[in-house]
Amino acid sequence: MGDLTAVVRDAAEVATATGDLRGDDPAGVVEDAAVAVVDGGIAAVGPTEEVTREYPPENATHAVEARGRAVIPGYVDSHTHACFAGDRSDEFEAKLQGTTYGELLAAGGGIHRTVRATRAASDGELLDNLLDQLDVMVAHGTTTVEVKSGYGLDTETELRMLDVIDRADDRHPVDVVPTFMGAHAVPRDYDGDGDAVDADDYVDRVASEQLPAVADQGIAEFCDVFCDEGAFTVEQSRRVLEAGREHGLTPKVHAEELAHRGGTKLAAEVGAASADHLLHATDEDVQALIDTDVTPVLLPGTAFGLGADYADGRAMVDAGAPVAVATDFNPNCHSQSMAFASALACVEMGLTPAEALVAGTRNGARALDREALGTIREGASADLVVLDAPSHVHVPYSYGINRVATVLKAGRPVVGPEWTGEPGDSPRDEPDDESEGENDE
Ligand code: NIG
Ligand code: FE
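As the structure is a prediction and not an experimental result, all values here were calculated from the model.

**Section: the pairing of strand β4 (residues 62-65)**
Now for step 1: What you see with β4 is a clean split: H62 and V64 sit on the buried side and A63 and E65 on the side with no burial.
Now for step 2: Across 4 bridges, strand β1 (residues 4-15) lies against β4 in parallel orientation. Looking at the pairing, V8 lines up with V64 of β4.

Shown next as structure tokens:
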């Protein structure tokens, strides 16, 4: 046997997230259970007596006593824009006064404002900001997160963002999955003749300049596009995603967020890993996703912040779609909490707490082509969250409250009393080279 990294014992329940989404126990609950971790991977999960007989906690590097508590998989937050600079809290106030997201964007606010702040920020500032976000995420139970570029909208800044995302992944116990999103908005830039860049010009730039450079850099895994009113048409989006595919990037689509534009069917046609948002998706759209294995990613925090109608998560689950739920954390949707997204998924979209758990873990991993994550089963990475509550139901039930007591990433405690760092420190790894701060102004 390898190194017995950890044993979590005597949990009131281990919600494995391995159950059938259409069966009576999607959460896959095992009561009075333990999890043994060998070399960072799950070696056994089952009744405490059985597991601890084979894997004695006294031999483990980390023994976690979880009496009266529930254990769930670490959350896989499959959609965020967590790498950015600047503050848009005043836009939150403006939206409360009735200004719409589209109006803010059209006036040069919204994404454009974050683009200005991000272009002006140094790599060091962007990295510090992102590491701070990852600290908040892990404290709320997220162990894997997708982070998109898309606040550069020029080759140089898009590459800088992806590099920062990659460095954050190296530095932080949370796994970070990088997505290129050069087609996040049409930049308010001018071409060599002093004419404003239009959407078609910009799509040309994304396809012929940005994507080859991104492929050359070799960091991004997915290519996402904002296919919506005020952003890119289906044909423009298709061009970006096909060019991305040619450069080895798997497509993802922001679809039907602000209006119905056909992004869901596009996702199905290009074989995207996911179609995200879906506030205005039709039954036919959902069927197209199911037929082609595209994961629908629902982002209830965004509907909450926009004061918009929620995507019909209940109907999607009933139709057999492997619905994922994520935060969409960005300056317009300022919550890193998968628990808050889960509460909204239950209360506003009609998911059960067990379905919300699977949506935030196993199906989030599916949206990121990482099927080895998001469940508690033999062979999976030991990304585990111990709650200070007796069941997974308490996550959405305790809306607004963080019930995370301990987080293990690959069996190593990164949050909670078992973590051996200094209180108040971040669990980040120290930089392992002298390149830290290079390019800083
Ligand atoms: O997913 N819709 C496009 N992108 C983000 C918002 C980004 C922003 O407003 O900064 C979203 O909601
Ligand atoms: Fe988004």
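**So, the site of ligand 1**
Now for step 1: Close to ligand 1 lie 16 residues, the nearest being Y101, Y151, H184, E257 and D328.
Now for step 2: Between ligand 1 and H81 there is a distance of 3.2 Å, counted from an oxygen atom to a side-chain nitrogen or oxygen.
Now for step 3: Within the side chain of H277, one N or O atom sits 2.9 Å away from an oxygen atom of ligand 1.
Now for step 4: Surface burial for ligand 1 is 100%, taken as the share of its 330 Å² of free accessible area covered by protein chains.
Now for step 5: Of the residues in the shell around ligand 1, the class split is 5 nonpolar, 8 polar and 3 charged.

**Concerning the confidence of the model for the protein chain**
Now for step 1: Per-chain confidence: the protein chain averages 95 in pLDDT, with 97% of residues scoring 70 or above.
Now for step 2: Low confidence marks residues 436-441, where pLDDT is under 50. Its contacts with residues over four positions away, or in another chain, come to 12 contacts.

**Structural notes on the packing of helix α8 (residues 234-246) against helix α9 (residues 263-270)**
Now for step 1: Across the interface, α8 lies against α9 with an axial gap of 11 Å and an inter-helix angle of 25 degrees. Taken together, the axis directions place α8 and α9 in an arrangement best described as roughly parallel. As α8 runs across α9, the sense of the crossing is right-handed. For the pair α8 and α9, the contacting residues are V234, S237, R238, L241 and R245 in the first and G263, L266, E269 and V270 in the second.
Now for step 2: Tallied by class, the residues present in the contact of α8 with α9 amount to 4 nonpolar, 2 polar and 3 charged.

**Examining the UniProt feature "domain: Amidohydrolase-related" (unreviewed entry) in the protein chain**
Now for step 1: In the numbering used here, UniProt assigns the "domain: Amidohydrolase-related" (unreviewed entry) feature to residues 71-412.
Now for step 2: Annotated as 44% helix and 16% strand, the span residues 71-412 places its first and last C-alpha atoms 15 Å apart.

**A few points about the domain arrangement of the protein chain**
Now for step 1: With domains assigned, the protein chain is organised as domain 1 (4-74 + 375-415) and domain 2 (75-367).
Now for step 2: The C-alpha-based centres of domain 1 and domain 2 are spaced at 30 Å.
Now for step 3: At the junction of the two partners, domain 1 supplies 27 residues and domain 2 supplies 28 residues.
Now for step 4: When domain 1 packs against domain 2, the two sides together hide about 2,100 Å² of surface, and 70% of this comes from carbon and sulfur.
Now for step 5: At the boundary of domain 1 and domain 2, one finds 1 salt bridge.
Now for step 6: On the surface where domain 1 and domain 2 come into contact, there are 8 residue pairs in polar contact (both at pLDDT 80 or more).
Now for step 7: If you list the elements that add at least two residues to the side of domain 1 that touches domain 2, you get β5 (70-73), α16 (394-397), β15 (404-409) and β16 (412-415).
Now for step 8: Per-element tally for the side of domain 1 that touches domain 2: the top contributor is β15, with 4 residues.

**Looking at helix α7 (residues 199-217)**
Now for step 1: If you look at α7, its biggest bend is around 40 degrees, right at Q210, and the proline P212 turns up within four residues after that.
Now for step 2: Every buried residue of α7 is accounted for by A199, Y202, V203, V206, A207, Q210, L211 and V214.
Now for step 3: Considering only its buried residues, α7 is in contact with α6 (155-171), β8 (175-183), β9 (222-227) and α8.
Now for step 4: Its side-chain oxygen placed 3.1 Å from the backbone nitrogen of D200, D198 serves as the N-cap of α7.
Now for step 5: With its phi angle positive at about 75 degrees, G218 sits one or two positions after the end of α7.

**Comments concerning the UniProt feature "binding site: Zn(2+)" (unreviewed entry) in the protein chain**
Now for step 1: In the numbering adopted here, UniProt assigns the feature "binding site: Zn(2+)" (unreviewed entry) to H79, H81, H254 and D328. The largest pairwise C-alpha distance within this set of annotated residues, which runs over 250 residues, is 12.2 Å, so the set is compact in three dimensions.
Now for step 2: Its location among the elements puts H79 in the loop between β6 (75-77) and α2 (89-96).
Now for step 3: If sequence neighbours within four positions are ignored, H79 has contacts with E146, K148, H254, D276, H277, V297, L299, A326, T327, D328 and F329.
Now for step 4: On the secondary structure map, D328 appears in the loop between β13 (324-325) and α13 (338-347).
Now for step 5: Setting aside anything within four residues of it in sequence, one finds D328 in contact with D77, H79, T80, H81, H277, L299, T302 and C333.
Now for step 6: Within the structure, D328 has its side chain in polar contact with the side chain of H81 (distance 3.3 Å).

**A look at the sheet that holds β6**
Now for step 1: Strand order in the open sheet made by the 8 strands is β6-β7-β8-β9-β10-β11-β12-β13, with parallel pairing throughout. For this open sheet the edge positions go to β6 and β13, each flanked by a neighbour on one side alone.
Now for step 2: Strand direction decides the pairing type here: strand β7 (residues 142-148) and β8, joined by 5 bridges, are parallel. Counted as the bridge partner of T144 is D175 from β8.

Parameters and conventions
- Residues numbered from 1 in each chain as written.
- Chains lettered and ligands numbered in written order.
- Predicted model: local features only at pLDDT ≥ 70, side-chain atom pairs only at ≥ 80, totals over all residues.
- Heavy atoms only, no water.
- Buried < 20%, exposed > 50% of the residue type's maximum accessible area, 1.4 Å probe, protein only.
- Helix = DSSP H or I, 4+ residues; strand = E, 2+ residues; numbered from the N terminus.
- Pairing = 2+ DSSP bridges.
- Near = heavy atom within 4 Å.
- Polar contact = N/O pair within 3.5 Å; in protein donor to acceptor, adjacent residues only side chain to side chain.
- Areas by Shrake-Rupley, 256 points an atom, 1.4 Å probe, with all protein chains shown as cover.
- Nonpolar A, V, L, I, M, F, W, Y, C, P; charged D, E, K, R; others polar.
- pLDDT = per-residue confidence, 0-100.
- Contact = heavy atoms within 4.5 Å.
- Axes fitted to C-alpha atoms, helices over the stretch in contact; angles between N-to-C directions.
- Parallel < 35°, antiparallel > 145°, perpendicular 65-115°, else oblique.
- Left-handed = near helix turned anticlockwise from the far one by under 90°.
- UniProt positions renumbered as here; feature names shortened; annotations may be inferred.
- Domains from an automatic or database assignment.
- Buried area = accessible area lost by both parts, 1.4 Å probe.
- Salt bridge = Lys/Arg side-chain N within 4 Å of Asp/Glu carboxyl O.
- Bend = angle between axes of the 7 residues up to and from the residue.

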